Amino acid sequence: MKFSPRRIKVGLELTSKCNLRCGMCPLPVLRRPYEDMEWWLVERAEKEIHGAGLRLKWLHEMGEPLLYSRLDDAIRLFPEASVSTNGLLLTEEIGAKLLATPLKRLRICVDSINPEVYPTLRTGGDFDKLVDLTRAFLRQAKGHRMRIEIQKMRSRLTLDESIDDFRKMFPGAQIIEKTCEALDVNEETDLHGKFYGCVQGAFFTWVVVFADGRVTHCCYDAHGEQVLGDLKTQSLREIIDSPRMAEMLAAFERRDFTNLPRCGECFKHGGESQAFNDVLTGVQNLPNVAKDVVRKVIDVRYRS
């Protein structure tokens, strides 16, 4: 199968374990084991991903990457990758380990600075502890080249919170605003809206390697319902060129979701037309900053 490495995003799930059970996340009911990736498999993934001309975007899928004992070594294997964390394990010791690596971007998902809203978004989290740890790490990292992003979650529950509010609470950090995505179910909730069709814009825009080595084509396939192959026994090139990949892609193009349950979830409210999908593909192919702006403009879910 021909593909442009520049258009493919890659995620490597070092662990599917997490210290939280967030409101928008399918992890509380994950239909696969909670486990760490074996180190030999991390090294194999590096050879396969880089050997295919791909670059790693995120060192996670499900799970909290700071739980992985060799996160710093994984960053050294994938210096181009970013790390996203809920921040509750970002102690001075772990902060020092991260700062000693070539990590260029760390995203801390605070999401809400309202102590009453935060537990709904980040279930099981301690808001005061998170604020203290985040501020301490910002001081610890002062003068370092790492970009530290504080994430503000966009949802009905956070309408009255502004980026300026976040800047006041976390001076010196880069504040980003992200729409809460329907990673659990494609339905309207207080946390996220529903969407119509493939939110990624195309069937094959991601390579996600789960902690057990299985490979899927979409970062929304949290339960591994549309696995393409297994990196433990196959090369990444073999997986991408496999008959299974071709069959799944053909079924997607026909909008036959009989054996594509995650795709069926995304399409259950409509969006089957190719023209609609072309618009989504155009948005997904924009640079990140422009893509975020367009998403906010077209996102009418939180205006009432």
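The shown structure was predicted, so the numbers you read here are calculated from the model rather than taken from an experiment. Per chain, the residues get numbers from 1 upward, laid out in the order the sequence is written. A pLDDT threshold of at least 70 governs which residues receive local features in this predicted model, and a stricter bar of 80 or more applies before side-chain atom pairs are shown or counted, although totals over entire chains, interfaces and linings include all residues. Note that the side-chain values use all heavy atoms of the structure and ignore hydrogens as well as water.

**Details of empty space enclosed by the protein**
If a probe the size of a water molecule is rolled over the atoms, the empty space left behind becomes visible.
Logical step 1: We place a 1 Å grid over just the protein atoms. Points where a 1.4 Å probe fits but has no way out form a cavity, open points with protein on both sides within 12 Å along at least 5 of 7 lines form a pocket, and any residue with an atom within 4 Å of a point lines it. Grid points are joined across faces, edges and corners, and a volume is the space filled by probe spheres set on the points. Tallying each qualifying case throughout the model produces 1 cavity of 30 Å³ or more.
Logical step 2: In this structure, the largest cavity spans a volume of roughly 90 Å³.
Logical step 3: If you trace the largest cavity, you find it lined by C198, V199, Q200, A202, F203, H217, C218, F252, R262, C263, C266 and F267.
Logical step 4: Top element by residues in the lining of the largest cavity is helix α9 (residues 261-267). It accounts for 4 residues.
Logical step 5: Broken down by class, the residue content of the lining of the largest cavity amounts to 9 nonpolar, 2 polar and 1 charged. The numbering of helices and of strands both runs from the N terminus, where a helix is a DSSP run of H or I of at least 4 residues and a strand a run of E of at least 2. Only Asp, Glu, Lys and Arg are considered charged, only Ala, Val, Leu, Ile, Met, Phe, Trp, Tyr, Cys and Pro nonpolar, and every remaining residue, Gly among them, polar.

**Considerations on the packing of aromatic side chains**
Logical step 1: Stacked, edge-to-face and tilted are the three classes for Phe, Tyr and Trp ring pairs, Trp counted by its six-membered ring, which pair at centre distances within 6.5 Å; planes under 30 degrees apart are stacked, over 60 edge-to-face, the rest tilted. All chains considered together, the criterion is met by 4 aromatic pairs.
Logical step 2: Ring centres of F203 and F252 lie 5.4 Å apart, and the angle between their planes is 45°; on these two criteria the pair is classed as tilted. Placement of F203 in the loop between β6 (174-179) and β7 (206-209) and of F252 in helix α8 (residues 243-253) is noted, with a sequence separation of 49 residues between them.
Logical step 3: For each residue, the accessible area found with a 1.4 Å probe, counting protein chains only, is set against the maximum for its type, and the residue is called buried under 20%, exposed over 50%, and partly exposed in between. Given the relative accessible area of 2%, F252 is considered buried.

**Structural notes on the sheet that holds strand β3 (residues 83-85)**
Logical step 1: Following DSSP output, two strands are said to pair if at least two bridges run between them. Overall, parallel pairing links the 4 strands, which are arranged β3-β4-β5-β6 in an open sheet. In this open sheet, the two edge strands, each paired with only one partner strand, are β3 and β6. Strand after strand, the sheet turns through a mean of 30° between neighbouring axes, direction not considered.
Logical step 2: Two elements, β3 and strand β4 (residues 105-111), share 3 bridges in a ladder whose sense is parallel. Considered in β4, the bridge of S84 is made with R107.
Logical step 3: Contacts are assigned to residue pairs that have any heavy atoms within 4.5 Å of one another. To obtain an axis, a line is fitted to C-alpha atoms, over the contacting stretch when the element is a helix, and the angle between two such axes runs from 0 to 180 degrees between their N-to-C directions. The sheet contacts of helix α5 (residues 127-140) involve β4 and β5 (147-154), and relative to β4 the element is tilted by about 155°.

**Some thoughts on the confidence of the model for the chain**
Logical step 1: Scored between 0 and 100, pLDDT is the confidence that the predictor attaches to each residue. With 89% of its residues at a pLDDT of 70 or more, the chain has an overall mean of 90.
Logical step 2: Between residues 300-304, whose pLDDT stays under 50, and residues either more than four places distant or in other chains, the model counts 18 contacts.

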